[in-house]
Amino acid sequence: MQILIVGGGLSGLRIATHLHAAGHAFDLFEARTRFGGRVFSPSRNDDGRNCAYDLGPAWFWPNQPLIQSLIGTLGLRAFTQFTQGDLLHETNANQPPERHKMAMSGGYKRLHGGVNALIQAMVETLPSSALFLDHTVNSIEESDDEQAEFKLSVAYENAGKAKSSHYDHVVIALPPRLAAESIRFDSLLGDETLGTMRAIPTWMAGHAKLLAVYERPFWREDSLSGEAFSQIGPLAQIHDASQEDGSQGALFGFVGLTAEQRQDESLTLEDAGLEQLTRLFGPLAGKPEYVVVQDWINEHYTSTALDFEPLHAHPSYTRPAALTNVANGRLLFSSAELDTVNGGLLEGALRSADDVARQILKALN
Ligand SMILES: Cc1cc2nc3c(=O)[nH]c(=O)nc-3n(C[C@H](O)[C@H](O)[C@H](O)COP(=O)(O)OP(=O)(O)OC[C@H]3O[C@@H](n4cnc5c(N)ncnc54)[C@H](O)[C@@H]3O)c2cc1C
């Protein structure tokens, strides 16, 4: 029985973990040259674990049991988002920001080493011979070879070369919109189903984050939590992103400009962002050791042209019936966007994966 998992984000890796635990072989194809997908926590130092900063997801919440149990199983350490001190609110660029004794992200949880520590730890539990980076799936179709032992034919690209293989089961572990826009399913999915998939927004695909790293979290010395929200921008919301022990300071901000507005080539987000941080937190904020903007709209293995449409609220995600029992249950779909409880979130990626893994294991046993 040959199983292919397409996508090495949290959802794909979770399915791989279940199959491996149940003793089933699989291949996992990941288009990027790294695992994690939207989880992306590059490290400033080369030790890879201790000084990583989350440029994708950073938080999980106390009411999310799967991610907490996974963190425990993998022996990783969570800590509470720093929120001690006053929050700043900026409404007028010519006046000092207002100070409020409140927290936006009280009780939110972060992971020591960044969320990528979770991805790395999961990858380490899987057989490396089953994991393939730089493998981009381009099309999936029913095999037209009557004698073919396997039922689904997968065309993919590796190191610029076109290749193909056959599998009994294929799990598409990518956001449905991205799958519909970037993979050809020929007769397997009709136009209506593809339309339904395109209509499911990929959570945060149109967003950008700015990160500024400092020698120390100097704002804490002024009884500021590092949290701010702004009607001026370019950062709409700012949070403390320092290392757990405060040994290195960092602030991150969600960019408030739309993906369309960010295409303006005269805009230098790093400069505009630092100018804003200086307005809020003083001159030291304008002199980071390091500043970076991660714009997810430019990530072709996450976002599509459809993600330029701004989202004004967290979508309410459902699992469309059209994505159930495709190709007699041989083509399955998993991603954070297919979970009805924690749709779009890390916990949703795990929930969706658990659901799909149960279906495959049932079919195999
Ligand atoms: C800026 C930002 C902030 C966020 N903040 C939070 C947060 O604080 N808390 C939270 O819970 N969630 C947050 N999220 C959402 C969270 O990142 C996602 O819920 C989760 O990572 C989704 O995992 P996934 O496996 O479903 O999808 P993905 O991570 O998108 O994985 C899909 C994988 O498929 C690969 N792929 C794509 N195309 C192909 C192809 N053709 N062939 C092979 N592989 C392919 C991709 O490279 C990727 O690795 C945030 C996301 C972003 C971008």
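Residues numbered from 1 in each chain as written. Predicted model: local features only at pLDDT ≥ 70, side-chain atom pairs only at ≥ 80, totals over all residues.

Looking now at the sheet that holds strand β1 (residues 3-6). Spatially, β7-β2-β1-β11-β17 is the arrangement adopted by the 5 strands of the open sheet, whose pairing is parallel. At either end of the open sheet lies a strand with only one pairing partner, and these are β7 (131-132) and β17 (331-333). Sheet analysis places β1 next to strand β11 (residues 169-172), joined by 4 bridges and oriented parallel. By the bridge assignment, Ile 3 is partnered in β11 with His 169. Strand contacts of helix α7 (residues 346-364): β1, β11 and β17, with the helix running at about 160° to β17, the strand carrying the most contacts. (Pairing = 2+ DSSP bridges. Helix = DSSP H or I, 4+ residues; strand = E, 2+ residues; numbered from the N terminus. Contact = placed C-beta atoms within 7 Å. Axes fitted to C-alpha atoms, helices over the stretch in contact; angles between N-to-C directions.)

This part takes up the pairing of strand β15 (residues 249-255). Working note: regular strand, side chains alternate between the two faces of the sheet. For β15, a buried count of 6 out of 7 residues is recorded, marking the element as mostly surrounded by other parts of the structure. Two strands pair when backbone bridges link them, and strand β12 (residues 208-214) and β15 are joined in this way by 6 bridges, in the antiparallel orientation. Looking at β15, one finds that Lys 209 is bridged to Phe 254. Note: strand β14 (residues 235-240) against β15, 5 bridges, orientation antiparallel. (Buried ≥ 20, exposed ≤ 12 C-beta atoms within 10 Å, placed from the backbone.)

This next bit is on the site of the ligand. As a structural note, the neighbourhood of the ligand is formed by 41 residues, with Gly 7, Gly 9, Ser 11, Gly 37 and Pro 57 the closest of them. At the level of secondary structure, the elements contributing two or more residues to the shell around the ligand comprise α1 (10-21), β8 (135-142), α4 (176-182) and α7. Here the shell around the ligand is built from residues that sort into 23 nonpolar, 14 polar and 4 charged. Per-domain counts for the shell around the ligand show at least three residues from each of domain 1 (1-39 + 115-203 + 314-365) and domain 2 (41-114 + 206-298). (Near = placed C-beta within 6 Å. Nonpolar A, V, L, I, M, F, W, Y, C, P; charged D, E, K, R; others polar. Domains from an automatic or database assignment.)

Quick look at the packing of α1 against α7 now. Running from N to C, α1 and α7 point in directions that differ by 40°, and their axes come no closer than 8 Å. The way α1 lies across α7 gives a crossing that is right-handed. Taking contact as the criterion, the partners of Leu 10, Ser 11, Arg 14, Ile 15, His 18 and Leu 19 in α1 are, on α7, Leu 346, Ala 349, Leu 350, Ser 352, Ala 353, Asp 354, Val 356, Ala 357 and Leu 361. Looking at the contact of α1 with α7 residue by residue, the class counts come to 10 nonpolar, 3 polar and 2 charged. (Left-handed = near helix turned anticlockwise from the far one by under 90°.)

Moving on, we come to unusual backbone geometry. In the segment running from Gly 233 into Pro 234, the intervening peptide bond is cis, with an omega of 10°. Phi at Asp 134 takes a positive value of approximately 55°, unusual for a residue other than glycine. Among the secondary structure elements, Asp 134 is positioned in the loop between β7 and β8. Assessed through the 15 C-beta atoms surrounding it within 10 Å, Asp 134 is described here as partly exposed. Although it is not a glycine, Ala 159 adopts a positive phi angle of roughly 50°. Within the secondary structure, Ala 159 is located in the loop between β9 (152-158) and β10 (161-167). Looking at Ala 159, the number of C-beta atoms within 10 Å reads 7, which means it is exposed.

Further remarks concern the packing of α1 against helix α3 (residues 116-124). Interaxial distance between α1 and α3 falls to 10 Å at its minimum, and their mutual angle equals 30°. Considering the angle they form, α1 stands roughly parallel to α3. In the crossing of α1 with α3, the sense of the turn from one axis to the other is left-handed. Between α1 and α3, the residues in contact are Leu 10, Leu 13 and Thr 17 and Ile 119, Met 122 and Val 123, respectively. (Parallel < 35°, antiparallel > 145°, perpendicular 65-115°, else oblique.)

Counting residues in hydrophobic clusters, the biggest one holds 92 residues, and the most contacted among them are Ile 5, Val 6, Ile 15, Val 170, Val 171, Leu 211 and Ala 250. Counting residues per element, this core draws most heavily on α7, which supplies 7 residues. Inspection of this core shows a minimum of three residues originating in each of domain 1 (1-39 + 115-203 + 314-365) and domain 2 (41-114 + 206-298). (Core = buried A, V, L, I, M, F, W, Y, C linked by C-beta atoms within 7 Å.)

Another point: the domain arrangement of the chain. For the chain, the assigned domains are domain 1 (1-39 + 115-203 + 314-365) and domain 2 (41-114 + 206-298). The C-alpha-based centres of domain 1 and domain 2 are spaced at 31 Å. With 12 residues of domain 1 at the contact, the number on the domain 2 side is 19 residues. Those elements that provide at least two residues to the side of domain 1 that touches domain 2 are α3 and α7. Considering only residue class, the side of domain 1 that touches domain 2 consists of 7 nonpolar, 2 polar and 3 charged.

The next subject is the sheet that holds β10. Read from one edge to the other, the open sheet built from 3 strands follows the order β8-β9-β10, with strand pairing classed as antiparallel. Among the strands making up the open sheet, the edge pair consists of β8 and β10. Here the average twist between neighbouring strands, direction ignored, is 25°. The pairing of β9 with β10 spans 7 bridges and is classified as antiparallel. The partner of Asn 158 across the bridge, within β10, is Lys 161.

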